[in-house]
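Chain by chain, the residues run as shown.
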Amino acid sequence: MKVVVSIDGRDAIPVRAIPLLTDWHVLSPDVCAEIFSGRKDTTVQYMEGLKSYRLVNGAVQQVPDREWENWIERQLAACSERIRNDEAGHETGYQQWRSESLLILPAGVFVWRDEFEAAFQAEYGEGMAD
């Protein structure tokens, strides 16, 4: 599956693809949102400071940390809470979470591949984000 796109001659990875690229092992949607929120208490130390971007009228603009913290993280938390309150079994709830949480990550938002790979390798080592 090819998910890398070129933007202004630079490789980019859609944020929605990150959980899939990591096979849901380490970078689920909630962890991605935690990273991009810019919080200092993130559980992924070496990915701290990684930024996300979107195209606005053809220009690359950084997605503000506060958008991740105030909107996306809260939507993901609400999704988790709703699924938990529906009393779905673990596997059923997990599959529901995987499909719904991925769609909460904003469409059209990306990370620069080189920045992501450097941060990922510092955090987890070689080989997982191939």
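Chemist: What is the right way to look at the pairing of strand β3 (residues 53-56) in this model?
Modeler: The side chains of a regular strand alternate, first on one face of the sheet and then on the other. Across four bridges, β3 lies against strand β4 (residues 59-62) in antiparallel orientation. Its bridge partner lying in β4, Y53 is registered against Q62.

Chemist: Mind showing me how you'd approach the environment of Q95 here?
Modeler: If you trace the backbone, Q95 turns up in helix α4 (residues 90-104). Each C-alpha atom, one on Q95 and one on W112, is 29 Å from the other, the two residues being 17 residues apart in sequence. For Q95, the side chain forms a polar contact with the side chain of E91, separated by 2.7 Å.

Chemist: Mind showing me how you'd approach the packing of aromatic side chains here?
Modeler: Any aromatic ring pair is given by two values, namely how distant the centres are and how the planes are angled relative to each other. Counted under the stated rule, the structure contains six aromatic pairs. Measuring from ring centre to ring centre gives 4.9 Å for F120 and Y124, while their planes differ by 45°; the resulting arrangement is tilted. Pair noted here: F120 and Y124 are both in helix α5 (residues 113-124), with a separation of four residues, about one helical turn. Aromatic ring contacts, followed pair by pair, group Y53, F110 and W112 into a single cluster.

Chemist: What should I look at first to understand the side chain of S37 in this one?
Modeler: For S37, the position within the fold is in the loop between α2 (29-36) and β3. Within polar-contact distance, the side chain of S37 engages the backbone oxygen of E34 at 2.8 Å. Those residues in contact with S37 that lie beyond four places of it in its chain are D65, W68, E69 and E73.

Chemist: Explanation requested: the pattern of salt bridges in the structure shown.
Modeler: Close approach of charged atoms allows side chains with opposite charge to pair. Tallied over the entire structure, the rule returns seven salt bridges. A salt bridge links E115 to R10; its shortest N-O distance comes to 3.1 Å. Of this pair, E115 sits in helix α5 while R10 is found in strand β2 (residues 10-14), placing the two residues 105 residues apart along the sequence. For E115, a relative accessible area of 29% puts it in the partly exposed group. Relative accessible area serves as the criterion here: at 29%, R10 is assigned to the partly exposed category. A salt bridge links R82 to E100; the nearest nitrogen and oxygen atoms lie 2.2 Å apart. Within this pair, whereas R82 is found in helix α3 (residues 65-85), its partner E100 is found in helix α4, the two being separated by 18 residues in sequence. Among the charged side chains, a salt-bridge network with shared partners connects R10, D114 and E115.

Quick notes on the rules
Residues numbered from 1 in each chain as written. Predicted model: local features only at pLDDT ≥ 70, side-chain atom pairs only at ≥ 80, totals over all residues. Heavy atoms only, no water. Pairing = 2+ DSSP bridges. Helix = DSSP H or I, 4+ residues; strand = E, 2+ residues; numbered from the N terminus. Polar contact = N/O pair within 3.5 Å; in protein donor to acceptor, adjacent residues only side chain to side chain. Phe/Tyr/Trp six-rings, centres within 6.5 Å; stacked < 30°, edge-to-face > 60°. Contact = heavy atoms within 4.5 Å. Salt bridge = Lys/Arg side-chain N within 4 Å of Asp/Glu carboxyl O. Buried < 20%, exposed > 50% of the residue type's maximum accessible area, 1.4 Å probe, protein only.

As far as function goes, none of this settles anything; it's purely spatial.
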